[in-house]
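Observations on chain architecture
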Amino acid sequence: MSDIIHLLPDSVANQIAAGEVIQRPGSALKELIENSMDAGADDIQIILKEAGRALIRVVDNGSGMSEADARMAFERHATSKIATAQDLFALRSFGFRGEALASIAAIAQVEVLSKMSGNDIGTKILIEGSKFIEQSPASCPEGTSIAVKNLFFNVPARRNFLKSNNVELRHCIEEFQRVALTNPTVAFTLYHNDKPVIQLKKGNLKQRIVNLFGGNFDEKIVPVNAETTRIKISGFIGKPQYAKRTKGEQFFFVNGRFIRHPYLNHAVQNAFEDLIPEGSFPSYFIYFEVDPADIDVNIHPTKTEINFLDARLIYSFLRSAVKQAFGKFSITPTLDFNAEQSFTVSPLRPGDSVIPPTVKIDPSYSPFNTSAPDKDQKNKTTGWEQLFSPDRFPGVQQELDVQIPLTDNKEEPIAVSGEENGCATFIQIYNRYIVTPVKSGMMMIDQRKAHQRILYESLMEIFSGSKPGSQQLLFPETLHLSAADTALVTELQNDLQLLGFDMVNAGNNCFMVNGAPADLPQEMVIQTLEKTLEEFKNESGKTTTQRQIKLARAMAKSMAIRDKKKLAPEEMQTLANSLFACSAPENDLDGGKTLQIITVQQLAEMFK
Ligand SMILES: Nc1ncnc2c1ncn2[C@@H]1O[C@H](COP(=O)(O)OP(=O)(O)OP(=O)(O)O)[C@@H](O)[C@H]1O
Ligand SMILES: [Mg+2]
């Protein structure tokens, strides 16, 4: 009988390990840049082709590698960074597993050029799918250039799993931003398909943030600084009035490394509570310095998660640090979120006390509850018109003195049956649910879910051919984005155009919005786009398939009336009618129900 247990060949083991460390071009890019940082480089060039699928090349002016080291670097657990387990606990560099290059070389064609400073000649290495192809002397500049070609060329399953180039490019840029934000004194240039996309000069942290996120960031952030014997917090937080509907610029770094930390994110969000409206997100760039012994590193293959030994203490320390930063800069306005520019910073005089912030948020805010549509527009029947017309948008009716059609033009909603006088009775419960008698008993509608369904179907109608009424804006609006969101908007630009958003990339992570759906009030254009992007990112996490479907869902969710919105009886009626004009009135967008019916029999049962 022959033995059946055998060791996996290294190439297979590396492929498996690669699966954990390298999920996509962005993760390979991250590992390469981190290595360059560890090698002490202060000028790094990144060259991407096809969002990194075809090529990721990172060129640095760091220490370089000797002939032998360059070869060794591709062995698993080859690392120059730790020698003993003890070193792990005192770690300040990015690398420690000695696994990244071996993983990358297992699933790509890799070409290394490296020369140590002071040497006359460098070395060149070619490796393909863990197979060593050649090593030869080469003349090259000091430092290291690593080119990763055709990622996943030998793992079709993973290659097929990759998303569109725009999505993958966005991931690359996100990874890049995180490293760039921890190393403002390092110059970076990022090229994509031969075009320079991001150029960052050496500077300080504030300049780096401004360079990455747009010129006007300068006035949008205030410093945060706090220190105890065990922990130091520094960085910047966004002023509340610039909080966005997208989560874009939220960064934690621990000892120079980007991490995710939902719990600490909550601490910041909590410090902003009452200062920003629900559903918006403050920007922050927060840097922790802690004794490496106080954190648990190495709990996650991509090294973005970390455990603090005393997370609860850090939570409250962080929260008060953020609040203190507001106090120092006297961010104590009466905030009117819609009037962004009204906010000014007035420095505190000695002896002044900090007045707790008071907030004015319109609780009945609804995107639809705005001015009446332009009269001239009334006779056009475009897709957007329907979307924003009184039939579709119950909220508008309160302000419009118009005859409300009892039913949608398509079909009489069967479930909403009239009372004797032909008018159904609608009751709103908890400003959230609509209750009305129907033939079979009693119907309850979730107003927000219902409205989402209505909007979604209208948007899908537009995608399937009905023309939206786009209107040139009197003054173009500017949409300021992070580099990652810029990539996202680029990805969505054609579809947004179909929906009536006429946008031009103005460079510097800005889009000029020149035109918008005819009935979307100008002051809602930017916030609608921002909220939609945020929702779209949430959608992206789900399994749903098509981009247009995701976009329609995202936009519907961002525009739907909220819970806690009081509705007039006619508005409820219109909502119900519009709902029953939908092709799938009962289904909400997330697999649940928009409505429930309790039948007369069920009622009778209840009273037995
Ligand atoms: N750009 C570079 N310049 C100089 N040396 C490098 C460079 N890239 C890699 N190396 C050398 O190759 C070794 C292996 O790199 P690799 O990324 O695989 O492991 P690591 O950085 O030590 O740990 P990790 O797997 O956590 O990234 C490094 O320890 C370093 O000595
Ligand atoms: Mg490394």
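Up top is the structure these notes are about.
For every chain, the first residue of the written sequence is number 1, and numbering continues from 1 along that sequence. Key to labels: chains lettered from A, ligands numbered from 1, both in the order written. Owing to the predicted nature of the model, reporting of local features is limited to residues with pLDDT of at least 70; listing and counting of side-chain atom pairs is limited to 80 or more, with chain, interface and lining totals taken over all residues. Hydrogens are left out, water is left out, and the side-chain values use all remaining heavy atoms of the structure.

**Quick word on the sheet that holds strand β11 (residues 250–254)**
Strand pairing follows a simple DSSP-based rule, namely that at least 2 bridges must link the two strands. Elements are defined by DSSP. Helices are runs of H or I of four residues or more, strands are runs of E of two residues or more, and each kind is numbered from the N terminus. Taken together, the five strands give an open sheet; going across it, the order is β9-β10-β13-β11-β12, and neighbouring strands pair in mixed fashion. With partners counted over all chains shown, the strands left at the sheet margins are β9 (221–227) and β12 (257–259), one partner each. Here the average twist between neighbouring strands, direction ignored, is 20°. In this structure, strand β10 (residues 231–238) lies alongside strand β13 (residues 284–290), joined through seven bridges in antiparallel fashion. Among the inter-strand pairings, S234 is bridged to a residue of β13, identified as Y287. Packed on one face of the sheet, helix α9 (residues 262–272) meets β10, β11 and β13 and runs near 130° to β11. Whether two residues are in contact is decided by their heavy atoms: any pair within 4.5 Å suffices. Axis definition: a line fit to C-alpha positions, over the contact stretch in the case of helices; interaxial angles, taken between N-to-C directions, run 0 to 180 degrees. Helix-sheet contacts for helix α10 (residues 311–328) involve β9, β10, β11 and β13, and the interaxial angle to β9 is about 135°.

**Looking at unusual backbone geometry**
Even without being a glycine, E50 presents a positive backbone phi close to 50°. Along the chain, E50 falls in the loop between β1 (43–49) and β2 (55–60). Per-residue accessibility, obtained with a 1.4 Å probe over protein chains only, is compared with the maximum for each type, and a residue is labelled buried under 20%, exposed over 50%, and partly exposed between these values. You can call E50 partly exposed: its relative accessible area is 41%. Of note in this structure, D194 is not a glycine but carries a positive phi near 75°. By the secondary structure assignment, D194 is in the loop between β7 (187–192) and β8 (195–200). Residue classification places D194 among the exposed residues on the basis of a relative accessible area of 60%.

**Remarks on the pairing of strand β6 (residues 143–149)**
Counting buried residues along β6, six of its seven residues qualify, which places the element largely inside the surrounding structure. For β2 and β6, the ladder comprises six bridges, and the chain directions are antiparallel. Looking at the pairing, V59 lines up with S145 of β6. Of the strand pairs in this sheet, strand β3 (residues 109–115) and β6 are connected by seven bridges, and their pairing is antiparallel. By the bridge assignment for β6, L113 is matched with S145.

**Points about the side chain of E535**
For E535, the location among the structural elements is in helix α15 (residues 525–540). At 4.8 Å, R448 is the nearest oppositely charged side chain to E535, a buried residue that forms no salt bridge. Note that His is not counted, nor are the chain ends; the positive residues are Lys and Arg, and the negative ones are Asp and Glu. By definition, a salt bridge exists where a carboxyl oxygen of Asp or Glu is found within 4 Å of a side-chain nitrogen of Lys or Arg.

**Examining the nonpolar core**
By nonpolar core we mean a set of buried residues, namely Ala, Val, Leu, Ile, Met, Phe, Trp, Tyr and Cys, connected to one another through side-chain atoms within 4.5 Å. Residues I46, F176, F188 and F285 are the most contacted members of the largest nonpolar core, which totals 61 residues. Broken down by element, the residue count for this core peaks at seven residues, all from helix α7 (residues 165–182). Beyond its immediate chain neighbours, meaning those up to four positions away, F285 contacts L181, I209, F213, F217, I221, S234, G235, F236, E249 and F251. Of all hydrophobic cores here, the second largest spans 33 residues; its members include L479, F501, F536 and M555.

**Describing the pattern of salt bridges**
One pass over the structure, following the stated rule, counts 20 salt bridges. With a shortest N-O distance of 2.8 Å, E457 and R453 are connected by a salt bridge. Taken together, the positions of E457 and R453, both in helix α13 (residues 447–463) and four residues apart, correspond to about one turn of that helix. Here D495 makes a salt bridge to R547, at a shortest N to O gap of 2.7 Å. Here D495 is found in helix α14 (residues 483–498), whereas its partner R547 is found in helix α16 (residues 547–559), with 52 residues between them in sequence. For D495, a relative accessible area of 3% gives the class buried. Overlapping salt bridges, with partners in common, bring together D485, E534 and K537 in one network.

**Re the environment of A584**
By the element assignment, A584 lies in the loop between α17 (569–580) and β24 (595–599). Excluding residues within four positions of it along the chain, A584 makes contact with R453 and E457.

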